[in-house]
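# Chain and residue survey
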Amino acid sequence: MKFVEKQAPDETLDLVCRMCPMHLLEPGDKIKCMKKGQILEVLTDYDGALDDIPAWCEKCGHEFIGMEEEDDCYKLYIRKAK
Amino acid sequence: MQIVYMDHAASTPVRREVLEEMLPFFQERFGNPSAIYDIGIDIKGVIEDQREKVANLIGAEAKEIVFTSSGAEANNLAVKGAVLANRKKGNHIIVSTIEHHSVLNAARFFERMMDYEVTFLPVNNYGLVDPQRLAELVREETVLVSIMHGNNEIGTIEPISGLAAICRDKGVLFHTDAVATVGNIPVNVKDLNVDMLSLTGPPLGAPKGIGALYFRSNTRLMPLIHGGIQEMGRRGGTENVPGIVGLGKAAELTLNELPEKTKHVKNLKDRLVSGIMDRIEEITYTGHPENRLPGHASFCIAAIEGEALLLMLNQAGIYANTGSACASKALKISPVLVAIGVPAEIAQGSIVFTLDRDNTAPEVDYILEKLPAVVERLRSFSPLWKKNI
């Protein structure tokens, strides 16, 4: 897992308390409305997202930038690639 | 025998237009909204249309509405969902003493099971919460304040926007149980300044078994029912599509008809209240005289028991209540009446009439004809009545 700091996201999706498969469905809907190159920040407390989101990015052709761990959630960063 | 139903806080008939809208969704349009084929996608679209209608009724955005099975579930989702989602912030909850049991017992659940502290905020003789007292009680560990919008036993409407503003300033989530108000008075979540608001179908003419919770965008909620993708992952379980369609249609009708309904039931209620107060001595009109639900008339009648009164009114074809529908079965003095300072012997004589759009002036007059005679009869053999002592 790649750890990053101080990213500047264009959009944030708060999925804390919501579990599988919302961590895969909602980023898909959100990123459709974003421009190429913009960064989506996903907040989640679901451990499964740490494997699923990078794999989802690879499958969909988006760049998984990395993650940051907060006190109450993980922050995962995705750059829209197409 | 004439039948007069004035217990609409307990139950209302489903409106004809609402039922007609619902019927196709039991058979012809039965698809599962989560399915990815046409007849599922169609139903998903229908649900989202209803979400928009419910949101419009209360000035919210569609994405801020989650459908539930009832107002009680909406209250539980608000209290338990918000407290669990914010468990790292603190362990203190504030609720008023006159909340519905679905709020009171949800808060007590944390007190008994999870080492939380619950503060029960007192009310005055009209049932009103004191904003200054709330401001004093909110502290750093407070995660949630829940104060109802309108009380179903005494009709009082709380000054929610001011109470919510106190919590907003202090960074504390504020929930209001608006089960008694949505469908009876205009309700706008932005004017009220609340983070969460519960509503239910029956006061709007929708069926039982459907309710909704408004939650301000980005309010974190732990689901009560974990499941799949329904309700954006906030409430598992295949959706009650006919119920949701009924609530949406009822919300649409209510938005258009509310001013007329409010005026109608208030006029009838005023006629009922003044008629009863003129005809029966030693009677107390409970709740706030002005800031109250327009179709709500509640009294305590000295030296009689409310249950006996209900049974005798029942024989005359009049259907009313002694308080909340569930509390009256427990034959227990209403905690709401205790909270507003009504002495126990007076609280026993509680009677509540809740009117709706189908009630009429002749029905009010029928009650005014029958009620005084029933009260006089009950008092004639009451050991508590002054003339018998």
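Per chain, the residues get numbers from 1 upward, laid out in the order the sequence is written. Numbering of ligands from 1 and lettering of chains from A proceed in the order in which they are written. The model is predicted, so local features are restricted to residues of pLDDT at least 70 and side-chain atom pairs to those at 80 or more, both for listing and for counting; the totals for chains, interfaces and linings are taken over all residues. Heavy atoms from the whole structure form the basis of all side-chain values; hydrogens and water molecules are not counted.

Here we take up the overall build of chain B. Broken down by element type, chain B carries 13 helices and twelve strands. Just to be clear, the radius of gyration here is over C-alpha atoms, and the globule rule we use is 2.2 Å times residues to the power 0.38. In summary, chain B has a C-alpha radius of gyration of 22 Å against a globular reference of 21 Å for 389 residues, a match within 12%. A principal-axis box enclosing the C-alpha atoms of chain B has dimensions of 70 × 50 × 35 Å. Contacts in chain B between residues far apart in sequence, at least 24 positions, make up 74% of those at least 6 positions apart. Surface summary for chain B: the accessible area is close to 16400 Å², and the carbon and sulfur share equals 53%. Numbering of helices and strands starts at the N terminus; helices are DSSP runs of H or I of at least 4 residues and strands are runs of E of at least 2. Residues are treated as being in contact if the distance between any of their heavy atoms lies within 4.5 Å. The method behind every accessible area is Shrake-Rupley, applied with a 1.4 Å probe, and residues are considered shielded solely by the protein chains displayed.

For the rest of this paragraph, the subject is the sheet that holds strand β3 (residues 63-69) of chain A. Residues and elements named next belong to chain A. Two strands are counted as paired when DSSP detects at least two bridges linking them. Spatial strand order, β1-β2-β4-β3: four strands in an open sheet with mixed pairing. A strand with exactly one partner marks an edge of an open sheet, and here the two such strands are β1 (11-14) and β3. Looking at each pair of strands side by side, their axes are set apart by 20° on average, direction ignored. Alignment of β1 against strand β2 (residues 39-44), held across four bridges, turns out to be parallel. Paired with E11 across the bridge in β2 is L40. Fitted lines through C-alpha atoms serve as axes, helices being fitted only where they are in contact, and the angles separating the N-to-C directions of these axes extend from 0 to 180 degrees.

In this section: helix α2 (residues 38-58) of chain B. All names here are of chain B. With 21 residues, α2 extends 31 Å from end C-alpha to end C-alpha; this agrees with the ideal 30 Å at 1.5 Å per step. Categorising residues by exposure relies on relative accessible area from a 1.4 Å probe, with only protein chains included: less than 20% of the type maximum marks a residue as buried, more than 50% marks it as exposed, and the intermediate range marks it as partly exposed. Of all the residues in α2, the buried ones are G40, I43, V46, I47, Q50, R51, K53, V54, A55, L57 and I58. Buried-residue contacts for α2 involve β2 (65-68), α7 (189-192), β7 (196-200), β8 (211-215) and α8 (241-279). Just downstream of α2, G59 is the residue with a positive phi angle, here 70°. In a helix, the anticipated span is given by 1.5 Å times the number of residues less one.

The partner chain A presents 14 residues to the 14 residues of chain B that form the contact. Looking at the side of chain B facing chain A, the largest losses of area belong to B:K88, B:R220 and B:I229, adding up to 48% of the total buried there. Any Lys or Arg side-chain nitrogen located within 4 Å of an Asp or Glu carboxyl oxygen qualifies as a salt bridge. Where chain B meets chain A, there are two salt bridges. Close ionic contact of A:D72 with B:R220 constitutes a salt bridge, the shortest N to O distance being 3.0 Å. Any N or O atom pair separated by 3.5 Å or less is treated as a polar contact, with the protein-specific requirement of one donor-capable and one acceptor-capable atom, and with residues adjacent in sequence counted only for side-chain atom pairs. Here chain B is connected to chain A by four residue pairs in polar contact (both at pLDDT 80 or more). Classifying every residue of the side of chain B that touches chain A by side-chain character gives six nonpolar, five polar and three charged. Take the accessible area each of two parts loses on contact, using a 1.4 Å probe, and add the two losses: that sum is the buried area. Residue polarity follows a fixed list, in which Ala, Val, Leu, Ile, Met, Phe, Trp, Tyr, Cys and Pro are nonpolar, Asp, Glu, Lys and Arg are charged, and the others, Gly among them, are polar.

Our focus in this paragraph is the nonpolar core. We define the nonpolar core as a collection of buried residues of types Ala, Val, Leu, Ile, Met, Phe, Trp, Tyr and Cys that are connected through side-chain atoms lying within 4.5 Å of one another. With 61 residues, the main nonpolar core has B:I58 and B:L197 as its most contacted residues. Residues in contact with B:L197, not counting those within four places in the same chain, are B:I58, B:H175, B:T176, B:A178, B:V182, B:V187, B:V189, B:L192, B:A212, B:L213 and B:Y214.

All names here are of chain B. Throughout the structure description, domain borders are defined by an automatic or database domain assignment. Parsing chain B into structural domains produces domain 1 (4-11 + 257-384) and domain 2 (16-254). Here domain 1 and domain 2 have C-alpha centroids that lie 28 Å from each other. With 24 residues of domain 1 in contact, the opposing surface of domain 2 contributes 26 residues. Summed over both sides, the interface between domain 1 and domain 2 buries roughly 2300 Å², with carbon and sulfur atoms accounting for 58% of that surface. Breaking the side of domain 1 that touches domain 2 down by element, the ones donating at least two residues are α8, β10 (296-301) and α11 (335-339).

The next point concerns the layout of surface pockets. Detection works on a 1 Å grid of protein atoms alone, calling trapped sets that fit a 1.4 Å probe cavities and calling open sets with protein on both sides within 12 Å along at least five of seven lines pockets, with lining residues defined by an atom within 4 Å of a point. Grid points are joined across faces, edges and corners, and a volume is the space filled by probe spheres set on the points. Estimates place the volume of the largest pocket at around 1000 Å³. Lining the largest pocket are 37 residues, with A:R18, A:M22, A:E26, A:D29 and B:M232 positioned closest to its centre. Every element with two or more residues in the lining of the largest pocket is listed here: β1 and α1 (22-32) of chain A together with α2 of chain B. Residue composition of the lining of the largest pocket, grouped by class: 17 nonpolar, six polar and 14 charged. Lining of the second largest pocket is provided by 39 residues; of these, B:A9, B:A10, B:N152, B:V179 and B:T200 occupy positions nearest its centre. Listing elements by their share of the lining of the second largest pocket, those giving two or more residues are α3 (71-85), α10 (325-329) and β12 (350-354) of chain B. Here the element with the most residues in the lining of the second largest pocket is α3(B); it accounts for three residues. For the lining of the second largest pocket, the residue count by class is 14 nonpolar, 20 polar and five charged. For the lining of the second largest pocket, the domains that each give at least three residues are domain 1 (4-11 + 257-384) and domain 2 (16-254) of chain B.

Attention now moves to the environment of B:I340. Looking at the element boundaries, B:I340 is found in the loop between α11 and α12 (344-347). Each C-alpha atom of the pair B:I340 and B:N124 lies 5.8 Å from the other, and the pair is 216 residues apart in sequence.

We now examine a nonpolar patch on the surface. Residue and element names in this part refer to chain B. On the surface, V14, L19, L23 and F26 cluster together to form a nonpolar patch covering roughly 350 Å² of accessible area. Tracing the backbone shows V14 in the loop between β1 (4-5) and α1 (16-22). Under the relative-accessibility criterion, V14 is labelled partly exposed at 34%. Patch building starts from residues that exceed 30% relative accessible area and form no salt bridge, then joins like charges within 9 Å and nonpolar side chains (Val, Leu, Ile, Met, Phe, Trp, Tyr) within 5 Å.

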